[in-house]
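Survey of secondary and tertiary structure
The lines below spell out each chain.
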Amino acid sequence: MRGYDWSHLRPSSVLTLKMRMITFFLVGLTVHVVFFLSIFDIYFTSPLVHGMTPQAMPLAPPASRLVLIVADGLRADSLFTLLPNGSSRAPYLRNVIEEKGTWGVSHTRVPTESRPGHVALIAGFYEDVSAVAKGWKENPVEFDSVFNESRHTWCWGSPDILPMFAKGASGDHVYTHTYPAVEEDFASTDASRLDTWVFTQVKSFFQSAKSNSTLKATLLEDRNVYFLHLLGIDTNGHAHRPMSQEYLDNIGLVDAGLAEVVSVVEDFFGYDGRTAYVFTSDHGMTNWGSHGAGHPSETLTPLVVWGAGVHNAHKVTQSQPYNDGYLQDWKLEHLRRVDVNQADIAPLMASLIGVPIPLNSVGVLPLLYLNNSDQFKAESMYTNAIQVLEQFKLPNTYVRNAICGLQFSLQHSDPGQAGTEAPQPGTALTDFLTNRPQVLRIGDNTSSTLVLSTGTPQGCVLSPALFTLFTTRPKEVIVDYRRSRRTKHTPLLIHGEAVEGVSNIKFLGIHITSDLTWSMNTASPGKKGSTKTLLPQEAETCWTLLTNFYRATIKSILCLSVAVWYGSCTAKNRKARVVKTAQGVVGSPLPDLDSIYAGRIQKKMKMIQKKETTLSFLFTPYQLLTESKQAEFIHKARILIQLEKYEDAISLCQTLISHALEGLVYYHTYDRFFLGCSVVLGFVGWTSYVVLILLKTHASLNRHPSLLKQGHSHALGRLCLCVTVLITVFLLIQKSPITYYIYCLLPVPVWYSVLKESGTLTDLIHSVPSLPLWKCFGYFMLVAFGIELLVVSFFHRAMLTVGLTVLSLWPFLSGLFGKAKFRSLSWFLGCLCLAAFPLMPVVGREPNTHLVTCTGLLTLFTSACYLWSSRQRTPLHLSDRQQFVSQMLHVAVCAYVPSLTHSSLQQKQGLPLLNQIISWTTLASSMVVPLLSSTRLFHRLLSIFLSLTATYLLLSTGSEALFPPVLSWLMFVWINIEQEAMLSQGVSSRQELSTIDFSANIDITKIRQLKLDDIRRSYFFVFFIITAFFGTGNIASINSFDPASVYCFLTVFNPFIMGGLMMWKVIIPFIIVMCTFETIQVATQLSSRSLFLIVLVISDLMALHFFFLVQDYGSWLDIGTSISHYVIVMSMTIFLMLLSVVTHIFTSRRLILWGRAKMHFP
Ligand SMILES: [Zn+2]
Ligand SMILES: [Zn+2]
């Protein structure tokens, strides 16, 4: 990657060397990208399954409509805490809690962002983690929601939230009303206007509905949802923090608006008592105005439910089972508090208005909110259990497949052959139908062959479908699995003629209806039965004859394919009157449909279980919910409900739900171990390969003639081929997705390369006696400890302080102090100063723009000092002087901009345009300006430092602004002290650092072999990179995101631009360290490749460590953090590779503007 002087090498060898380097780089990149992406398959897979049957509750719902109010970003304590004078900030809601509603705390999950929060509320499942890879704003997957299940939904609110539910919903029954996105300006005018807008819109909507008869009729229908999304509180919280008067006043405003809306709604519906109200929030907010992580202030949100079907305020006398002290704080000890998980609200809303629970919901119905009969509760819970179980058992659905197969044959068979027409040649069907030889065999006797030219061959799976096609006119039944059936299907065309679309079809004696209700199927034998059973009644024959007659004529029809349809039959159809009638005629009890169904299903299940074990021999099903246990559970629950033992039924259903949810997780994480093993194997292989390459090319080992003979290498190749084939066959049997092949096959070539390089290992073993063993061992121990320290520092930033303190002693321990006293002391002080930063809190810092200004001045002072002191050794050209002066002026301007912006925002005058222009031009120019400066070592570094500091100042709000200057100071000392270390080891002759030019080519003959000390150098580099990452914030946590730091650039909320700017802020210290490393490579005459390989090994070891620390248990926060650590380290390695190229260009290239060229090269 460096500009080497290749002149003394033969052109061909230069080419191969370069080629090899590029190949290595590309292979390394591929390996890391694959390992990096592997966790998206291992951990970030979508938990959602599709294709379940919606489960509606059989009993009439208590409410006809639902009003859902979500106060975005409202904390539970902000709403419930009383004012000092004992009154409430939200008197209306307080009154509801005390009189007519049920309340509690809704526990949200990480990430506490708006989109996941609303998904949990409305669709009942938690953030689909695969969304991480696909951006936060859009829903990556289709999902079902309460809105989608409703008859109509009207939404008012933010353009950020509403469209995703309108888009997610099928059909056109979700209507959204949003204000323009520019209204959401954090800082300018009063954000509570957003809420006033919503309330005004809702009121005028109901007003207009009074005079609009069609709208009124629609509103009077049942299963309607009205959704009010109130963004004002969230916006005010971000802009002014939740303790501010703006935030608290907004709560009052929402409460008053809510009271008005409720009266408008009640008035419109004539106080019919059929409206249910749910008031909650999507997430809370930290004291410093952010959300996203798992702090209680973010995860505790209020829930107040009242209206139709909801339990009134329940007074309690004894203490409640919550010991978090909130009840006392909120003075609500006397009222029953019912806490829920956020996803539980979805089934609650569904049961209130009687729509099916959203298909992917994992919520458990909070029964204590319901004011209804025990039977209703039990039935609701049963529906909930079945709905959750549906998701669990989906992979084993076989009935649906049979129908799909039929559908396929009906729709895809070429209908031209229907009827008596001769088949058209040339189609697959024709081949299948014509010239079919048919023989009959009884024992050993075989009949002569008869060739069929038309008709259906016997014993073939396709034949029944074809038979139907031949015997009936072609008709089409479309079994529509989509949630909404509003759009019409285009009819199937046969020779330009449309096929008649019918709602039912009789197929092999079963009536299949397009809605799959099976009522027709049960009704038809009933009709026949009523006439047929009467006939033998007149005959007055004995009962055995009657029973036989029943079995032969009625039961055979009635129970035809009972396993297919019985499960999704309605309760009424299940009773099958015909059985009762027949019982009356026969005069003795006959087996009812229930038991016939159970018996048949059991038979079928045994078959399937056997199938499973023979097909995929390695499959271990979830033990708690095998097929038979599921059936047993459901059967038992039904019986308990029939016996009116509702309590027992409810608890049984709850057990079933928890088992099913566990089972869902079990299957979702089923492949994890297997994939993890192969990734680790590949990882270890890659790391060993890098180590071997390093030893081979950059270390002075005693070379030995290769022990690996040609034959061995061939055998190795063949072995690898065998392993590849074995793995492929194995994956084929398992029907694995395509990415699994990559993860499992990648270790093979990696280990092949390792084994091929095993000669280096023997070289190493042979050179062991000549090595200073104890020193080597000591070094490895130190580095191992160092890596551990870095791993721990990901969890506790303070570990970096410990590390820096230890590093500060390095010159004293290594004896450098005696040779360079001033430099050693500077190093010591620099380390200690930098050690202070990891101790500062990441979040909750009060903005202090004076510190930013001071930092700017300090930067100016130090750079002026440096230029002054070095003017003797390296005189500046005029143009360089001009550039430095203009850059320093620029820093001065940038130091002033944040405080100007801050005061302007505080006076609510918005962001001044001039400041915004300065900020964006600074950002854009920051990577270009240094390229204009001289490539002399310290001149270029100073220019980079000034330009990056200017940008960093604009992105700072307080003490963190000091971080780049302190880091740069330490880096400056490091460059100098490394020179000293080189000298002390007698590696090279002294070259004045300030005379080194970045753009000069390195003489390749002077590049030296690796020393043990270079491991230390690389480790320092990794250490400083991590320090640059975690010095001012914890980028592993979303919490360190403080929107205030980007206010110089924009104030309208835009997560992507804001995130990008924050990322840039994180990268700036990173670039400083990177440039230093580049300088050290130049100064110590080391090939960048070898140093970089050591860095690669160190960071790969860390990545491996984090791969093991990734956990799939514990809280979501723990899981998320552990994964993000892995992501950081992995992406760091990839990033370092790319950035080292960028930094090389950044330091060694020079842009020459027109006309100035002459002045630079005198
Ligand atoms: Zn939100
Ligand atoms: Zn927010």
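Residues numbered from 1 in each chain as written. Chains lettered and ligands numbered in written order. Predicted model: local features only at pLDDT ≥ 70, side-chain atom pairs only at ≥ 80, totals over all residues. Heavy atoms only, no water.

**Side note on the overall build of the chain**
Applied cut-off: For the purposes of this entry, the term helix denotes a DSSP run of H or I that reaches at least four residues, the term strand denotes a run of E that reaches at least two, and both are numbered from the N terminus. Each residue is assigned to one of three classes by its accessible area relative to the maximum for its type, calculated with a 1.4 Å probe on protein chains only: buried under 20%, partly exposed between the two thresholds, exposed over 50%. Note on contacts: a residue pair qualifies if any of its non-hydrogen atoms lie within 4.5 Å across the two residues. To be clear on the numbers: accessible area is Shrake-Rupley with a 1.4 Å probe, and residue cover counts the displayed protein chains and nothing else.
A count of helical and extended segments in the chain gives 45 helices and 20 strands. Within the chain, buried positions represent 51% of all 1162 residues. For the chain, the proportion of contacts with a sequence separation of at least 24, taken over those separated by at least 6, is 77%. Counting only carbon and sulfur atoms, one obtains 63% of the accessible surface of the chain, whose full area is about 53000 Å².

**Focus on the pairing of strand E3 (residues 101-107)**
Convention followed: Pairing between strands requires that DSSP locate at least two bridges from one strand to the other.
Burial analysis of E3 places 6 of its 7 residues in the buried class, which makes it a mostly covered element. With 7 bridges connecting them, E3 and strand E8 (residues 300-307) associate as antiparallel partners. Bridge pairing in E8 places Ser106 opposite Thr301. As defined by bridge partners, E3 adjoins strand E9 (residues 340-341) across 2 bridges and the pair is classed as parallel. Bridge pairing links Ser106 to Val340 in E9.

**Observations regarding the coordination of the zinc ion (ligand 2)**
For clarity, the cut-off: Donor atoms (N, O, S) are those found within 2.8 Å of the metal centre, with the cutoff raised to 3.2 Å for Na, K and Ca; water is not part of the atom list, so apparent gaps in a site can occur. Irregular is the default label, applied whenever a site is not tetrahedral (four donors, all angles between 85 and 135 degrees) and neither square planar nor octahedral (four or six donors, opposite donors over 155 degrees apart, all other angles between 65 and 115).
Every protein donor of the zinc ion (ligand 2) is accounted for by Asp234 (OD), Asp234 (OD), His238 (NE2) and His291 (NE2), and the metal-donor separations fall at 2.0 to 2.4 Å. Around the zinc ion (ligand 2) sit 4 donor atoms; with metal-centred angles ranging over 55 to 149 degrees, the donor geometry is irregular. Along the chain, the residues donating to the zinc ion (ligand 2) are arranged with the sequence spacing D-x3-H-x52-H. Here the zinc ion (ligand 2) and the zinc ion (ligand 1) are spaced 4.4 Å apart. With Asp234 and His238 both in helix H9 (residues 232-240) and 4 residues apart, the pair spans about one turn of that helix. Classification of Asp234 as buried rests on a relative accessible area of 7%.

**Comments concerning the state of the cysteines**
For clarity, the threshold we go by: Only a pair of cysteine sulfur atoms within 2.5 Å qualifies as a disulfide here.
Tallied over the entire structure, the rule returns 0 disulfides. No disulfide involves Cys831; its sulfur sits 9.5 Å from that of Cys833, the nearest cysteine.

**Description of the pattern of salt bridges**
When the charged atoms of two side chains with opposite charge come close together, those side chains can pair. Quick reminder of the rule: When a carboxyl oxygen of Asp or Glu is within 4 Å of a side-chain nitrogen of Lys or Arg, the pair counts as a salt bridge.
Enumeration according to the criterion identifies 13 salt bridges in this entry. Arg337 is the partner of Asp324 in a salt bridge, and the nearest nitrogen-oxygen pair spans 3.0 Å. On the criterion of sequence distance, the pair formed by Asp324 in the loop between E8 and helix H12 (326-330) and Arg337 in the loop between H12 and E9 is long-range, its members being 13 residues apart. Residue Asp324 is classed as partly exposed on the basis of its relative accessible area of 35%. For Arg337, a relative accessible area of 3% corresponds to the buried category. Here Arg1016 ties to Glu978 by a salt bridge, and the two come within 3.1 Å at their closest N and O atoms. Taken together, the residues span a long stretch of sequence, with Arg1016 in helix H41 (residues 1012-1030) and Glu978 in helix H40 (residues 963-984) at a distance of 38 residues. Here the residues in one salt-bridge network are Asp324, Arg337 and Asp339, joined through shared partners.

**A word on the nonpolar core**
So the rule is basically this: Here the nonpolar core consists of buried residues drawn from Ala, Val, Leu, Ile, Met, Phe, Trp, Tyr and Cys, with membership extended through side-chain atoms lying within 4.5 Å.
One finds Trp827, Phe1021, Phe1024 and Met1102 to be the most contacted residues of the largest nonpolar core, which totals 139 residues. Among the elements that make up this core, the one with the highest residue count is helix H42 (residues 1055-1083) (17 residues). With residues near it in sequence (within four places) discarded, Trp827 still touches Leu807, Ser808, Trp810, Pro811, Leu970, Val973, Trp974, Ile977, Phe1020 and Phe1024. Residues Leu66, Ile357, Leu640 and Tyr646 belong to the second largest nonpolar core, which totals 65 residues.

**As for the coordination of the zinc ion (ligand 1)**
Every protein donor of the zinc ion (ligand 1) is accounted for by Asp72 (OD), Asp72 (OD), Ser114 (OG), Asp282 (OD) and His283 (NE2), and the metal-donor separations fall at 1.9 to 2.8 Å. A relative accessible area of 14% places Ser114 in the buried class.

**A short note on the confidence of the model for the chain**
Interpreting fine coordinate detail is not advised for predicted regions of low pLDDT. The test is simple: Confidence scores here are pLDDT values: one per residue, from the predictor, ranging 0 to 100.
Residues with a pLDDT of 70 or more make up 70% of the chain, whose mean pLDDT is 76. Taking the mean pLDDT of every element in the chain, the minimum, 34, falls on helix H15 (residues 399-412) and the maximum, 96, on strand E7 (residues 275-280). Across residues 1-9, where pLDDT falls below 50, the model places 37 contacts with residues more than four positions away in sequence or in other chains. Every residue in residues 132-137 scores below 50 in pLDDT, and together they form 12 contacts with partners more than four places removed in sequence or on other chains.

**Some points on unusual backbone geometry**
In this structure, Arg241 takes a positive phi of about 75 degrees despite not being glycine. Here Arg241 lies in the loop between H9 and helix H10 (245-268). Phi is positive for Glu644, close to 60 degrees, though the residue is something other than glycine. Position of Glu644 relative to the elements: it lies in the loop between helix H25 (627-642) and helix H26 (646-668).

**A few points about the sheet that holds E3**
Cut-off, in case you're wondering: Axis definition: a line fitted to C-alpha atoms, over the contacting stretch in the case of helices. Angles run 0 to 180 degrees between N-to-C directions.
If you walk across this open sheet you meet the 8 strands as E5-E4-E6-E2-E7-E8-E3-E9, and the pairing is mixed. Since the sheet does not close on itself, it has two edges, and those belong to strand E5 (174-178) and E9, each with one partner. Pairing analysis gives 7 bridges linking strand E2 (residues 65-71) to strand E6 (residues 224-230), with the strands arranged parallel. Bridge pairing links Val70 to His229 in E6. This element, helix H8 (residues 213-220), spans E2, strand E4 (152-157) and E6 of the sheet and lies at about 105 degrees to E4. Contacting E2, E6, E7 and E8, H10 runs over the sheet at an angle of about 165 degrees to E7.

**Notes on helix H39 (residues 937-954)**
Think of an α-helix as turning once every 3.6 residues; residues three or four places apart then point the same way. We count it as follows: In a helix, the anticipated span is given by 1.5 Å times the number of residues less one.
Its 18 residues give H39 an end-to-end C-alpha distance of 27 Å, which sits within 8% of 26 Å, the value for a rise of 1.5 Å per residue. Of all 18 residues making up H39, 18 are buried, and the element is well covered by its neighbours.

**Thoughts on the packing of aromatic side chains**
Counted only if it meets this: Think of it this way: a Phe, Tyr or Trp ring, Trp meaning its six-membered ring, pairs with another when their centres are within 6.5 Å, and the plane angle makes it stacked under 30 degrees, edge-to-face over 60, tilted otherwise. Any Lys NZ or Arg CZ that is within 6 Å of a ring centre and within 35 degrees of that ring's normal is treated as a charge sitting over the ring.
Applying the stated criterion to the full structure yields 38 aromatic pairs. Ring centres of Phe206 and Phe269 lie 6.2 Å apart, and the angle between their planes is 75 degrees; on these two criteria the pair is classed as edge-to-face. Taken together, the positions of Phe206 in helix H7 (residues 193-211) and Phe269 in the loop between H10 and E7 put the pair 63 residues apart, joining distant regions of the chain. Phe269 matches Phe206 in its accessibility class, with the two residues each being buried. Arranged with centres 6.0 Å apart and planes meeting at 90 degrees, the rings of Trp774 and Phe777 form a pair that is edge-to-face. With Trp774 and Phe777 both in helix H32 (residues 773-793) and 3 residues apart, this pair spans about one turn of that helix. A network of ring pairs unites the aromatic residues Trp154, Trp156, Tyr175, Phe205, Phe206, Tyr226, Phe268 and Phe269 as a single cluster. Sitting over the ring of Tyr126, Arg109 keeps its end group 3.7 Å from the ring centre. Positioned above the aromatic ring of Tyr322 is the side chain of Arg337, whose terminal nitrogen or guanidinium carbon lies 4.1 Å from the ring centre.

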